[in-house]
Amino acid sequence: QTGDRSVGGEYDLVVVANRLPVDFSVRSDGGVDWQRSPGGLVTALEPVMQQADGAWVGWSGAPDLAHEPFDADEMRLVPVTLSQAEIERYYEGFSNDTLWPLYHDVVATPTYHRQWWDAYRRVNQRFADAAAAQAAEGAVVWVHDYQLQLVPKMLRDQRPDLRIGFFDHIPFPPVELFQQLPWRRQIIEGLLGADLLGFQRGGDASNFIRAVRRLTDYTTRGPIVTMTDEDGGPGRHVRAAAFPISIDSTRFDELARTPEVQARAKEIRADLGDPEVVMLGVDRLDYTKGIRHRIKAYGELLQDGRLDVESSTLVQVASPSRENVGAYQELREHVEVLVGHINGEFGELGHSAIHYLHHSYPPEEMAALYLAADVMLVTSLRDGMNLVAKEYVAARSDEQGVLLLSEFTGAADELAPGPVLVNPHDIDGLKDAIVQAAKMDPKEQRRRMRRLRRKVMNDDVAKWSDSFLGVLTAMPRRTSHV
Ligand code: G6P
């Protein structure tokens with residue numbers, strides 16, 4: 001189905017994302033409660049949404065949960081309902097078992113299922129219809145991430161008056177991998193419905209432009225794609241560019257300076273037995289994060305005697321994620337077996353080699369963990385940006401601590417040369433880098449951390465959304481359909 005062309009809503013800025021920035025819970029009487037969930041995106045967009053009369057279209061996170069649009073924190077929240085089957089096919093299936101591994105350099109094997117694709121299209125249409133119904137004449141609509149790549153075109157077909165932006169939070173793969181996708185052409189067309197396409201890195205934007213050149217007949221010039229109009233002549237332009245996302249740096253910096261967080265950081269170190277070196281990993285439990293590579297390298301360093309459990313320890317926070325997807329279940333098994341093996345082999349009473357925590361924690365506890373960590377290990381095999389790296393830096397106003405960062409993150413493009421850069425596939429190189437980071441003298445730590453902080457404190461998430469929306473709203477408004 002497509003939406004009614006004649007209706008428009010009253011909102012001048014409409015954000016469309018897979019998830020709403022609230023969590024729903026069903027009460028025992030069958031009623032529904034909601035609570036804010038403080039993600040990065042909502043922090044960035046809240047001020048603009050409040051100023052601009054904004055609406056946010058997204059999924060509630062639960063199956064079959066229908067809820068009327070409602071107001072929260074001066075934003076209109078518009079829940080989209082997904083059935084259990086749609087969650088399995090659109091969210092767990094096509095989004096997270098097809099696109100996610102394909103877009104992350106196929107570090108896991110993508111699964112291609114026609115039934116999943118059908119559900120993806122249907123659900124994207126539902127999001128597009130909901131957004132079209134909320135958007136005022138000439139509104140700006142900002143669509144987010146790989147779950148919703150068909151929405152820009154679906155929206156433009158109904159509402160050529162809108163200015164449409166899309167931001168891809170994850171990598172965009174090289175065309176040699178992207179072309180595996182049986183529906184590659186539809187995805188490209190879907191994205192080209194936007195006026196402005198934002199990516200994390202310049203490399204992602206150029207991967208997209210290469211895919212357009214290889215897979216369509218549209219002409220491109222630098223970052224600009226020229227669409228064809230009704231008569232086959234040159235029509236509107238689509239711009240693809242890098243807008244690296246960030247965090248609310250000031251909030252993290254301030255949080256980490258509070259006496260409560262500082263005291264908690266000391267307590268964490270004491271609980272760990274006050275080792276000389278605390279290393280920390282913080283990730284969603286996802287196979288793109290290189291958690292196994294990191295743990296393997298750490299285990300070998302203990303084996304080689306280059307590190308020992310009395311003077312060092314590794315804390316690995318692995319927050320539960322996408323637990324119904326097979327590849328995530330397998331990863332959990334592998335990580336837990338590996339951790340158990342290393343702890344059994346090298347741990348001593350009172351000295352665990354690895355403290356493994358399969359939980360997620362509130363920002364206060366994260367800030368304390370960052371402060372307690374001498375070395376932050378970010379070893380992703382591929383990562384759109386990696387905001388943990390930026391959070392660590394923002395928390396370290398003491399200008400101490402070492403960020404060890406994979407070359408395969410968007411953050412590495414932005415933050416080099418401050419971090420110790422690693423190729424996580426090179427286990428010997430990774431081991432040397434871990435030892436280098438663990439032994440780095442405080443002066444060198446300060447020199448590097450200052451550099452990192454200049455970047456992270458300056459380029460925060462408000463600047464990111466302002467610059468994207470600034471470029472989008474400066475683009476000419478169109479009324480034609482192509
Ligand atoms: C990545 C994606 C987001 C997603 C998040 C958590 O950061 O870019 O779109 O929301 O992971 O994953 P989940 O599947 O729980 O939404």
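Figured I'd write up the structure that's included with this text. Since the structure is predicted, the reported quantities are computational estimates derived from the model, not experimental observations.

Quick look at the site of the ligand
Item 1. Neighbouring residues of the ligand: R19, Y91, D145, Y146, Q147, H169, I170, R284 and R322.
Item 2. Within the side chain of Q147, a nitrogen or oxygen atom sits 3.2 Å from an oxygen atom of the ligand.
Item 3. In this structure, R322 approaches the ligand through a side-chain N or O atom, which is 2.9 Å from an oxygen atom.
Item 4. Calculation on the ligand without its partners gives an accessible area of 380 Å², and the protein chains cover 69% of this total.
Item 5. Grouping the amino acids of the shell around the ligand by side-chain chemistry returns 3 nonpolar, 2 polar and 4 charged.

Examining unusual backbone geometry
Item 1. For the bond running from A416 to P417, omega is 10 degrees, close enough to zero to count as cis.
Item 2. Topologically, P417 is positioned in the loop between α14 (410–415) and β18 (420–422).
Item 3. Of note, the phi angle at V106 is positive, near 45 degrees, even though the residue is not glycine.
Item 4. Relative to the assigned elements, V106 resides in the loop between α2 (84–103) and α3 (114–134).
Item 5. In this structure, E399 takes a positive phi of about 60 degrees despite not being glycine.
Item 6. Looking at the element boundaries, E399 is found in the loop between α13 (387–395) and β17 (402–406).

Points about the nonpolar core
Item 1. Counting 104 residues, the largest nonpolar core has F127, L155, L192, L197, F208 and M279 as its most contacted members.
Item 2. For this core, the leading source of residues is α3, giving 10 residues.
Item 3. Apart from the residues within four sequence positions on either side, F208 is in contact with F172, I188, L191, L192, L197, F199 and A240.
Item 4. Of all hydrophobic cores here, the second largest spans 69 residues; its members include V15, V140, V282 and M385.

Topic: the side chain of Q134
Item 1. Tracing the backbone through its elements, the reader meets Q134 in helix α3.
Item 2. For Q134, a relative accessible area of 13% translates into the label buried.
Item 3. Apart from residues lying up to four places away in sequence, Q134 is in contact with G9, E10, Y11, V14, A55, V57, R76 and V78.

Regarding the pattern of salt bridges
Item 1. Within the structure shown, the criterion is met by 38 salt bridges.
Item 2. For D304, the salt bridge is made with K431, and the minimal N-O distance between the two is 2.8 Å. One end of the pair, D304, is in helix α10 (residues 291–304); the other, K431, is in helix α15 (residues 427–439), with 127 residues separating them in the sequence.
Item 3. Salt-bridge contacts for R446 lead to E399; the nearest nitrogen and oxygen are separated by 3.3 Å. Highlighted residues: R446 in helix α16 (residues 442–458) and E399 in the loop between α13 and β17, separated in sequence by 47 residues.
Item 4. By relative accessible area, which is 32% here, R446 ends up partly exposed.
Item 5. One network of salt bridges, with partners in common, ties together K296, E300, D304 and K431.

Calculation criteria
- Residues numbered from 1 in each chain as written.
- Predicted model: local features only at pLDDT ≥ 70, side-chain atom pairs only at ≥ 80, totals over all residues.
- Heavy atoms only, no water.
- Near = heavy atom within 4 Å.
- Polar contact = N/O pair within 3.5 Å; in protein donor to acceptor, adjacent residues only side chain to side chain.
- Areas by Shrake-Rupley, 256 points an atom, 1.4 Å probe, with all protein chains shown as cover.
- Nonpolar A, V, L, I, M, F, W, Y, C, P; charged D, E, K, R; others polar.
- Helix = DSSP H or I, 4+ residues; strand = E, 2+ residues; numbered from the N terminus.
- Core = buried A, V, L, I, M, F, W, Y, C linked by side-chain atoms within 4.5 Å.
- Buried < 20%, exposed > 50% of the residue type's maximum accessible area, 1.4 Å probe, protein only.
- Contact = heavy atoms within 4.5 Å.
- Salt bridge = Lys/Arg side-chain N within 4 Å of Asp/Glu carboxyl O.

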